[in-house]
Each structure stands twice: as structure tokens, then as C-alpha cells.
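Each chain, written out:
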Amino acid sequence: PSFALAIAPRAFDEMDMAYRSLDLHERLLSSEYESGRALRLLLKLGFVNERPEFGQDRRWAASGDCYVLTLFRDFVFHQADGAGYPVMDLGHVVTCLNKLDALDEEKIVLTSRDGKSMMVVSYADVARCLENAFGELCSHSVPPSTLQFS
């Protein structure tokens, strides 16, 4: 009994330090996980935006899912101030990608660069367009193992 009483305070200190270490690693792992999700969204957007080989296909033209994705890309990455200067707002980009990932129902206004086309969509709508376009692209893609590199 005296041995247990002697080490009890130290045992609780050790247990407390172990839990703090676990909490830290959980936060770090969560951060990496979130970064991975954002990267997957960015890669999908990069793959589907403005595919020249589908230029004549109406589904990939200025009226389909890919048009919504092109406007969304401009909304996220090509913001400008009143004088037309680029706005490089990383917070805006991260917020938009997080809302896209979460299928947020918040409505946003997407506008063409010339200002002649405007549409109201939710982040969830954009996410559906992205999944549809990426799925279609994947179904027509060449498997990586068959690609020839020169």
C-alpha cells in the first residue's frame, strides 16, 4: 500500500502527459486529413476544368456541369477588387473548399468573366457537378499503367 501511495502522484502526471501527447497527435493528424481532402478537391477541379479534347461535346461546353465548375474556379481563385486588381485571399479559398467538401447548401453567385452570365448555386450543387464531371472523365480515361512516357 505505501508503494502505491508513493507513486500515485507521479503516475497521474505520466498519464496526463500521455493524454496531452495523444491530443496533440490527434490535432496534427486531423490537420493532415483536412489538407488531403482539400488537395483531392483541387486535383479534381484541375482535371475537369477546360478539357480541350472535349471542346465539341455539349456536356463539357458553356452550359453543362463543367461550365459551373469553370465559373466556380473563377469565383474561388480569380477574385478582383473594384479597380480590377487580383485579390489573393487564402482564407476565401480555404473557406470555399471546405464548404464544397461539406456539401454546404449556402448559395453563391457565379458570374462569367464578361459579366453576361450569372447563376445562383449552392456549394452542394457545385460538388455534384464536380463528382459528375470527374466520374465521366474517369470513365473515358486511359488507365495509368497503359500510358507511354517518352
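Residues numbered from 1 in each chain as written. Predicted model: local features only at pLDDT ≥ 70, side-chain atom pairs only at ≥ 80, totals over all residues. Heavy atoms only, no water.

**Concerning the pattern of salt bridges**
Our working definition: A side-chain nitrogen of Lys or Arg and a carboxyl oxygen of Asp or Glu constitute a salt bridge if their distance falls within 4 Å. Exposure is judged per residue with a 1.4 Å probe applied to protein chains only, and the accessible area is read against the type maximum: over 50% gives exposed, under 20% gives buried, and values in between give partly exposed.
One pass over the full model with this rule turns up 8 salt bridges. Ionic pairing is found between Arg73 and Asp74, a salt bridge with its closest N-O pair at 3.2 Å. The exposure class of Arg73 is buried, given its relative accessible area of 16%. Relative accessible area serves as the criterion here: at 8%, Asp74 is assigned to the buried category. Connected via shared salt-bridge partners are Arg73, Asp74 and Arg113.

**Re the nonpolar core**
Our working definition: Put simply, buried Ala, Val, Leu, Ile, Met, Phe, Trp, Tyr and Cys residues joined by side-chain atoms within 4.5 Å make one nonpolar core. To qualify as a helix, a DSSP run of H or I must reach at least 4 residues; to qualify as a strand, a run of E must reach at least 2; elements of each kind are numbered from the N terminus. Contacts are residue-level and defined by heavy atoms, with any inter-residue pair within 4.5 Å sufficient.
Within the largest apolar cluster, 25 residues are counted, with the highest numbers of intra-cluster contacts made by Leu69, Phe72, Phe75, Leu100 and Leu110. Going through the elements one at a time, α1 (2-48), α2 (65-77), α3 (90-101), β1 (107-111) and α4 (123-139) are the ones with two or more residues in this core. Ranked by the residues each element gives to this core, the list is headed by α2, at 8 residues. Those residues within four positions of Leu110 in sequence are excluded, and the remaining contacts are Val68, Leu71, Phe72, Phe75, Ser117, Met118, Met119 and Val121.

**Brief notes about the packing of α3 against α4**
Defined as follows: Angles here are taken between N-to-C directions and fall from 0 to 180 degrees, while the axes themselves are lines fitted to C-alpha atoms, restricted in helices to the stretch in contact. Throughout, the term roughly parallel applies to angles under 35 degrees, roughly antiparallel to angles over 145, roughly perpendicular to angles from 65 to 115, and oblique to all others. Throughout, the ten residues Ala, Val, Leu, Ile, Met, Phe, Trp, Tyr, Cys and Pro are labelled nonpolar, Asp, Glu, Lys and Arg are labelled charged, and all others, Gly among them, are labelled polar.
One way to put it is that α3 packs onto α4 with a least axis distance of 8 Å and a crossing angle of 75°. The pairing of α3 with α4 is recorded here as roughly perpendicular in orientation. Contacts between α3 and α4 involve Cys96, Lys99 and Leu100 from the former and Tyr123, Val126, Ala127 and Leu130 from the latter. Across the contact of α3 with α4, the residue classes break down as 6 nonpolar, no polar and 1 charged.

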